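# Results of the structural survey
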Amino acid sequence: MHDYIKERTIKIGRCIVETKHTVRTIAKEFGVSKSTVHKDLTERLPEINPDLADQVKHILEYHKSIRHLRGGEATKIKYKKSSKKREVFAASKS
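All values reported here derive from a predicted model rather than from experimental measurement.

### What about helix H2 (residues 23–30)?
Turning to H2, its buried residues number three or more, namely Val23, Ile26 and Ala27. The buried residues of H2 all sit within an arc of 105° when viewed along its axis, so they share a single face. Every exposed residue of H2 that faces more than 90 degrees away from the buried side is listed here: Arg24 and Lys28.

### Quick word on the packing of H2 against helix H3 (residues 34–48)
Packing of H2 against H3 leaves a shortest axis separation of 8 Å and a crossing angle of 105°. Judged by the inter-axis angle, H2 sits roughly perpendicular to H3. Of the residues in H3, those in contact with Val23, Arg24, Ile26 and Ala27 of H2 are Lys34, Val37 and His38. Per-class residue counts for the contact of H2 with H3 are four nonpolar, one polar and two charged.

### Quick look at the nonpolar core
If you look at the biggest cluster of nonpolar residues, it comprises 14 residues, and the most contacted ones within it are Ile16, Ile26, Val37, Leu41, Leu45, Val56 and Leu60. Among the elements of the structure, helix H1 (3–19), H2, H3 and helix H4 (50–93) are those that each provide at least two residues to this core.

### So, H1
The terminal C-alpha atoms of H1, which comprises 17 residues, lie 24 Å apart, in line with the 24 Å expected from a rise of 1.5 Å per residue. Within the sequence span of H1, burial applies to Ile5, Arg8, Thr9, Ile12, Gly13, Cys15 and Ile16. End-on view of H1: buried residues confined to an arc of 165°, all on one side of the axis. Within H1, the exposed residues directed more than 90 degrees away from the buried face are Asp3, Lys11 and Glu18. At the exit of H1 stands Lys20, carrying a positive phi of roughly 65°.

Quick notes on the rules
- Residues numbered from 1 in each chain as written.
- Predicted model: local features only at pLDDT ≥ 70, side-chain atom pairs only at ≥ 80, totals over all residues.
- Heavy atoms only, no water.
- Buried < 20%, exposed > 50% of the residue type's maximum accessible area, 1.4 Å probe, protein only.
- Helix = DSSP H or I, 4+ residues; strand = E, 2+ residues; numbered from the N terminus.
- Arc of directions from axis to C-beta.
- Axes fitted to C-alpha atoms, helices over the stretch in contact; angles between N-to-C directions.
- Parallel < 35°, antiparallel > 145°, perpendicular 65-115°, else oblique.
- Contact = heavy atoms within 4.5 Å.
- Nonpolar A, V, L, I, M, F, W, Y, C, P; charged D, E, K, R; others polar.
- Core = buried A, V, L, I, M, F, W, Y, C linked by side-chain atoms within 4.5 Å.
- Expected span 1.5 Å × (residues − 1).

This is the structure:
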């Protein structure tokens with residue numbers, strides 16, 4: 001494994017432990033794909049730093065346990081925004 005991959009993996013692991021951000025957010029911050037972040041955290045990190053990998057594993061499990069709630073909330077916000085736009089558009093027409 002290349003050194004830059006090891007360094008990125010450790011940085012991503014520390015970042016997720018410190019911030020508790022989602023894989024998607026971390027991927028945007030580091031400029032890599034969600035798949036890369038997931039592979040770094042689940043496959044590479046346990047080989048490099050098992051203690052950090054254990055902490056990350058708990059965070060990922062928590063995110064997985066609440067993802068159905070996050071998805072529902074995102075949809076709710078999306079439709080609230082679109083209904084407000086329709087109200088404004090309808091008011092401007094009359």
